[in-house]
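Structural features, examined
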Amino acid sequence: MDIDTDPATCSDSAQQAAYSRVRLAGGLVGRMWLWFLAGCLVITLVPVLFGWRPYLIESGSMEPRIHVGDVVIASPEQDPQALLGRVAVFTDPDRPDRNKTHRVIEAADDGRLVTKGDANPTPDSQHVAVSDVHGLGRLLVGFVGLPVVWLQSGQWLWLVLFLVSIALSVRWVSRDHEDEQDDAPGDPPTDRMLSAQAAPTRSGLDIAASRPIPLARASHRHRWAWRIGYAVALAAALLLPTSTAAFSATTRSTGNSWSVPNYDYTNEVKALGPYLYWKLDETGTGTTAATDSSGNGRPGEYNGSITKGITGALVTDTPNNAVSLTSANSCINTASSVAATTAPAAFTVAAWFKAPVGYSKGGKLIGFERPRTGVAAPSVGQYDRMLYLDGNARLRFGVYNGGYQLISTAGGWDDNAWHLAVGTMNSAGMALYVDGVRVGTNSNNAAESNTSGWWRAGCGNLAGWASGWSGPNAPPADATPTNYTFQGGLDEAAVWTKALTASEVAFLYFTR
Amino acid sequence: MSAQSRRRTLRAVAPVAGLLAAGLLVWQGSYAAFSATTDNAGNSWAAGSVKLRNDGAGGSFAVSSTPAAFTVAAIKPGDSGAKCIVVESTADIGNLVKLETANVSSNALSGAMTMKIDFAAGQFANCASFPASPTNVYNSTLSGLAAATNWSNGLGNWSAGTGTKYGTYRFSWALPGGATAGMGQTATADFIWEQQSS
């Protein structure tokens, strides 16, 4: 490929001199470029001998100081004080399979390092463990990794231009190399001249053919040495550990909060406008009146054997008192001072109850009844709109509408724990809730009407209500009035002349 | 000096010049990049390539922190609400935006509350005209948001692209009617959007 010049051109013709200067300039540029590249490569790779490691930068968040394609050479360093304010290479906490090169701006309270890209508006969101730091940036070899970046990102034009620049430089240098041989002091004018003179004596080969051979061989070897050298260097460069200097930014919406106050069960019951509300907080054996907290002046009276002041159902209530009905004739009736009222068409009955384990006596928690105290057969008395337990301590909600309309829970509640029982009825039908959760509905929307009576808690007639009863102590026929006292804990008995909604009931339980 | 020896000198100097240039490049670059000063902080980002701001649910855009979008008090079971926070991305390179959290409470209320987060590209301040079929980013308990603490477990993958782009995140919270715990408690969460060049 070298131009095979005629020996005659060795003469210093003006044209030849100009041509030679161009070749010299090309050779110088080529040499500088190749030596520059070689220098960069050597500087990149030699520190490896001292345990320093080069990292190719793949993204630009350390601009303007560190660019994409730069190689950062880092020395092992894990002393936080030495790292502070400096550029470090570390395992990216966000992407543990990658390295990141950012500046260490401070040490966090937990000993981790806060890092930030110079070009990023905010520090990195994740702090870096000191043990994840690979090194401290020592040397920056500018742009030397660009060919690798071009290769990886497919910027073929730049890559090709780069390779062409190397090829051209090699070509220029090897051409100029011929002239260099001419200029060598003490040597015969040129190899070419020498071969031209010696050829006849050396061999019988055609001079024109043989003359360039030694030179061509030398320049081939030269070129191949360069090519192999570059291939090796490029391969080494491709193996460079890479490090991103990822651009990142954050923005925040802080201090969001959702608060649930300490609701007070008593206040919430009152806020729902009860017809009567016996908190059953009274203490002392001599106390007979159960205060009505509804504000409507409908107190109850404690009758029979009742233990007052047991621990109630509302842990946040003060006092958290309840009562325990302890004999078969115990009851909490509406006080005699309260006039009878017409049974409401829409209503809610609610009470907290606690049945001993294995409780099988059944009993009424709360209900509407006439007479005010004691029991009477349906020919005289009336009783429905009630919550009661059967012989298996299943909770039932019943009204009488020419027939026995019932909702019953599947299982018993004799677990010696407080539960909130709520029964509601209005024109939409009946619903039974336990602990705020609706456990059953009944489309019946009417109860015994045009009767007057009083509310009572803890006892009442169940004669005739044997339908669906499970367990022992089933009620007799309604001609045999039989009082069923719930012999367990009772608390927070309340009545509304409207049906509470499911969410109101759930909320009441929530505020317990 | 003869032309020959001048050429020889030039040829000898050329490698030295190349090596010197390489050394100079390295020395200068290293000096600029690794000097111990931190004078760069904060002011060079204008030339930076990614930037995020959020409108704090209908307020004005801010880079760092916007006031709480939610300060909901006196919650009852069955209550719910939703707000939209618009995030503005200004970038000149490919990037990804994720939603992360901090200061997420772990009490019973946080376990009872639900949070649904939907994303739609575009600017829908105050949820006005928020698309009917957004991309769901999260739908579980509020306390579960605590798992999204950093880039690797961040929520959503909004590829904002270059230029100034908007994405809207709708946060729908609820305390289900059946909640039985959480009284007297406060649930908290910080929402953090992080953007990284891809």
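Residues numbered from 1 in each chain as written. Chains lettered and ligands numbered in written order. Predicted model: local features only at pLDDT ≥ 70, side-chain atom pairs only at ≥ 80, totals over all residues. Heavy atoms only, no water.

A closer look at the overall build of chain A
Secondary structure summary: chain A contains nine helices and 25 strands in total. When contacts within chain A are restricted to residue pairs at least 6 apart in sequence, long-range pairs at least 24 apart make up 67% of them. With an accessible surface of roughly 21100 Å², chain A has 57% of that area assigned to carbon and sulfur atoms. (Helix = DSSP H or I, 4+ residues; strand = E, 2+ residues; numbered from the N terminus. Contact = heavy atoms within 4.5 Å. Areas by Shrake-Rupley, 256 points an atom, 1.4 Å probe, with all protein chains shown as cover.)

Notes on the interface of chain A and chain B
If you look at the interface, chain A gives 66 residues, while chain B gives 86 residues. Both sides of the chain A and chain B interface together cover about 6500 Å² of buried area, and 59% of this is carbon and sulfur. Linking chain A with chain B are zero salt bridges. If you look at where chain A meets chain B, you find 25 residue pairs in polar contact (both at pLDDT 80 or more). Broken down by secondary-structure element, the contributors of at least two residues to the side of chain A that touches chain B are α1 (14-45), β4 (99-107), β6 (133-141), α4 (156-183), β8 (248-259) and α9 (502-510) of chain A. Partitioned by chemical class, the residues of the side of chain A that touches chain B number 30 nonpolar, 19 polar and 17 charged. Bridge analysis of β8(A) against strand β10 (residues 186-197) of chain B gives 10 bridges, and the strand direction is antiparallel. In the sheet register, T250(A) faces β10(B), and the bridge partner there is E194(B). (Buried area = accessible area lost by both parts, 1.4 Å probe. Salt bridge = Lys/Arg side-chain N within 4 Å of Asp/Glu carboxyl O. Polar contact = N/O pair within 3.5 Å; in protein donor to acceptor, adjacent residues only side chain to side chain. Nonpolar A, V, L, I, M, F, W, Y, C, P; charged D, E, K, R; others polar. Pairing = 2+ DSSP bridges.)

Re α9(A)
Residues that lie three or four places apart on an α-helix share one face, since the helix turns once every 3.6 residues. Within α9(A), the full set of buried residues consists of V505(A), A506(A), F507(A), L508(A), Y509(A) and F510(A). Packed against the buried residues of α9(A) are α8 (265-271), β16 (347-354), β21 (419-426), β22 (429-434) and β25 (489-496) of chain A. (Buried < 20%, exposed > 50% of the residue type's maximum accessible area, 1.4 Å probe, protein only.)

Looking at the side chain of H102(A)
All names here are of chain A. Residue placement: H102 occurs in strand β4. Since its relative accessible area comes to 0%, H102 is described here as buried. Reaching out from H102, the side chain makes a polar contact with the backbone nitrogen of G117 at a distance of 3.3 Å.

Concerning the sheet that holds strand β4 (residues 80-91) of chain B
Residue and element names in this part refer to chain B. The sheet built from five strands is open, its strands ordered β1-β4-β9-β6-β7 with antiparallel pairing. Two strands close off the open sheet at either side, each with one partner strand: β1 (50-54) and β7 (135-141). When the angles between neighbouring strand axes are averaged without regard to direction, this sheet yields 20°. Relative to strand β9 (residues 163-174), β4 runs antiparallel, the two sharing 12 bridges. In the strand pairing of β9, S80 is matched with A174. (Axes fitted to C-alpha atoms, helices over the stretch in contact; angles between N-to-C directions.)

Overview of helix α3 (residues 146-153) of chain A
Taken together, the buried positions of α3(A) are L146(A), P147(A), V148(A), V149(A) and W150(A). One or two steps after α3(A), the chain reaches G154(A), where phi turns positive at roughly 70°.

Here's the deal with the pattern of salt bridges
Residue and element names in this part refer to chain A. Inspection of the entire model under this criterion finds 13 salt bridges over all chains. For R372, the salt bridge identified is with E301, shortest N-O distance 3.0 Å. Here E301 lies in strand β11 (residues 300-303) and R372 lies in the loop between β17 (363-370) and β18 (382-389), a separation of 71 residues in the sequence. The pair formed by R372 and E301 is uniform in burial state, with each residue classed as buried. Measuring nitrogen to oxygen at the nearest pair gives 3.7 Å for the salt bridge that ties E369 to R456. With E369 in strand β17 and R456 in strand β24 (residues 452-457), this pair connects stretches of sequence that are 87 residues apart. As far as burial versus exposure is concerned, E369 and R456 are alike and both buried. Three or more residues joined by partner-sharing salt bridges are found here, namely K279, D281, D317 and E492.

A few points about the state of the cysteines
Within this structure, the stated rule accounts for two disulfides over all chains. Here C331(A) pairs with C459(A) through a disulfide, and the sulfurs are 1.9 Å apart. Given an S-S torsion of about -80°, the disulfide between C331(A) and C459(A) has left-handed geometry. A residue pair is termed long-range when its members are at least 10 positions apart, and C331(A) in strand β14 (residues 331-334) and C459(A) in the loop between β24 and β25 qualify at 128 residues. Each member of the pair, C331(A) as well as C459(A), is classed as buried. The disulfide that involves C84(B) links it to C127(B), with 2.0 Å between the sulfurs. Disulfide C84(B)-C127(B): the torsion about the S-S bond is 105°, which places it as right-handed. Separated by 43 residues along the polypeptide, C84(B) in strand β4 and C127(B) in the loop between β6 (114-121) and β7 bring together distant segments of the chain. (Disulfide = S-S within 2.5 Å.)

Remarks on the packing of aromatic side chains
Residue and element names in this part refer to chain A. One pass over the full model with this rule turns up 26 aromatic pairs over all chains. The interplanar angle of 55° and the centroid separation of 5.7 Å between the aromatic rings of W469 and Y484 together place this pair among those described as tilted. One end of the pair, W469, is in the loop between β24 and β25; the other, Y484, is in the loop between β24 and β25, and 15 residues separate them in sequence. Taken individually, W469 and Y484 each receive the classification buried, so the pair is uniform in this respect. (Phe/Tyr/Trp six-rings, centres within 6.5 Å; stacked < 30°, edge-to-face > 60°.)

Points about the environment of K100(A)
Residues and elements named next belong to chain A. As for its placement among the helices and strands, K100 is situated in strand β4. The class of K100 is buried, set by a relative accessible area of 1%. C-alpha of K100 to C-alpha of Y55: the two residues are 45 residues apart in sequence and 9.5 Å apart in space.

Topic: the confidence of the model for chain A
All names here are of chain A. The share of residues in chain A with pLDDT of 70 or more is 85%, and the mean pLDDT across the chain is 84. The low-confidence segment residues 1-10, where pLDDT is below 50, has 16 contacts with residues more than four positions distant or belonging to other chains. In this model residues 187-215 is a low-confidence stretch, pLDDT under 50, and it forms 25 contacts with partners more than four residues away in sequence or in other chains. (pLDDT = per-residue confidence, 0-100.)

Here's the deal with the pairing of strand β20 (residues 404-412) of chain A
Residue and element names in this part refer to chain A. Pairing of strand β19 (residues 394-400) with β20, which is carried by six bridges, proceeds in the antiparallel orientation. If you follow R396 over to β20, its bridge partner there is S408. From the end of β19 to the start of β20, which pair antiparallel, there are three residues, and G402 there has a positive phi angle of about 80°.

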